[in-house]
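What follows is each chain in one-letter form.
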Amino acid sequence: MTDNVNAEVKFEVTAEHAQAEEEIVAAAELGKFKSVDALISAYKSLEAEFTRRSQRLKELEEKNKAENPVPVAISGGDGQAPSLSADSERETLLRTALADEKVRAAVIEDYLKTVASNKSIPLIVGGVSTPAPKSAPKTVREAGALAEMFLKK
C-alpha cells in the first residue's frame, strides 16, 4: 500500500510539474501578457481601436473627395480626353507654386542641382591631337588624278 501511495504522490507531483511547465511555456508564448484572458482583452481593445481608426480614415477620405473632386474627363468625338482641365490645373498649380517664395527657391535649387550634376566629363584632358599629314599634289599629273578622284565621288 505504501508503494501505491508513493506512486499517487509522484503522479500528483509529476502532473503539477507538467502543468507548471505548460504555464511557463504559455507565458513565454504570450509575451508581455500574464494570461490568455489579458491577451484576449488586449486584442479586443486593439480591434475596436482599429475599427474606429478605419472609420475615421474613411470619413476623412470622403471629406477630401468632397472638397477636392477629381475632374472627370469627358471624351471627345475622337476618343481623346480633352486636356483643357489638366492644362488649367497645371497653370493654377504653377501660379500657386511661384507665389510662394520658399517653394520657388526650392524648385530653382533642385533645377540647378540637376543641371550641375549633368556636366559632361571630358574624354581627353590635356595632350595634343596629331594632325594628318598634308598631301598636296607635287605635279600636274598628281593634281589631275586628285581632281579626277574628287569628280568620280
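Residues numbered from 1 in each chain as written. Predicted model: local features only at pLDDT ≥ 70, side-chain atom pairs only at ≥ 80, totals over all residues. Heavy atoms only, no water.

Asker: What's the story with the overall build of the protein chain in this structure? I'm lost.
Answerer: Counting its secondary structure elements, the protein chain contains five helices and zero strands. Going from the N terminus to the C terminus, the protein chain shows its helices and strands as α-α-α-α-α. Per-residue burial over the protein chain gives 1% buried out of 153 residues. In the structure as shown, the protein chain presents an accessible area of about 14800 Å², 61% of it carried by carbon and sulfur atoms. (Helix = DSSP H or I, 4+ residues; strand = E, 2+ residues; numbered from the N terminus. Buried < 20%, exposed > 50% of the residue type's maximum accessible area, 1.4 Å probe, protein only. Areas by Shrake-Rupley, 256 points an atom, 1.4 Å probe, with all protein chains shown as cover.)

Asker: Got a minute to help me understand helix H4 (residues 101–117) in this structure?
Answerer: Each α-helix turn comprises 3.6 residues. Residues three or four places apart therefore point the same way. Taking 1.5 Å per residue as the helical rise, H4 with its 17 residues ought to reach 24 Å, and the 24 Å between its terminal C-alpha atoms agrees with that figure. Capping the start of H4, Asp100 holds a side-chain oxygen 3.3 Å from the backbone nitrogen of Lys102, two or three residues further along. (Expected span 1.5 Å × (residues − 1). Polar contact = N/O pair within 3.5 Å; in protein donor to acceptor, adjacent residues only side chain to side chain.)

Asker: For this particular structure, what's the right way to read the pattern of salt bridges?
Answerer: By the definition in use, this model includes seven salt bridges. Across the pair Arg52 and Glu49 runs a salt bridge, and its minimum N-O distance is 2.7 Å. A residue pair is termed a helical-turn pair when its members lie 3 or 4 positions apart in one helix, as Arg52 and Glu49 do in helix H2 (residues 36–67) at three residues. Judged by its relative accessible area of 47%, Arg52 falls in the partly exposed class. The exposure class of Glu49 is partly exposed, given its relative accessible area of 29%. Between Lys152 and Glu148 there is a salt bridge, with the nearest N and O atoms lying 3.3 Å from each other. Residue Lys152 and its partner Glu148 are located together in helix H5 (residues 140–152), separated by four residues, close to a single helical turn. (Salt bridge = Lys/Arg side-chain N within 4 Å of Asp/Glu carboxyl O.)

Asker: Whenever I open this one, the confidence of the model for the protein chain confuses me. Can you help?
Answerer: It should be kept in mind that the predicted coordinates are not to be read in detail where pLDDT is low. When pLDDT is averaged along the protein chain, the result is 75, and 64% of the positions lie at 70 or above. When mean pLDDT is taken per element in the protein chain, H5 scores highest with 90 and helix H1 (residues 2–30) scores lowest with 62. pLDDT under 50 marks residues 73–77. Its contacts with residues more than four places away, or in other chains, come to seven contacts. (pLDDT = per-residue confidence, 0-100. Contact = heavy atoms within 4.5 Å.)

Asker: Whenever I open this one, a nonpolar patch on the surface confuses me. Can you help?
Answerer: Judged by side-chain polarity, Ile108, Tyr111, Leu112 and Val115 come together as a nonpolar surface patch covering roughly 400 Å² of accessible area. One can find Ile108 in helix H4. Take Ile108: its relative accessible area is 44%, and that puts it in the partly exposed class. (Patch = residues over 30% accessible without salt bridge, like charges linked within 9 Å, V, L, I, M, F, W, Y side chains within 5 Å.)

Asker: Please clarify how the environment of Glu49 should be interpreted in this entry.
Answerer: Looking at Glu49, its side chain comes within polar contact range of the side chain of Arg52, at 2.7 Å. Here the side chain of Glu49 touches Arg53 through a polar contact of 2.9 Å, side chain to side chain.

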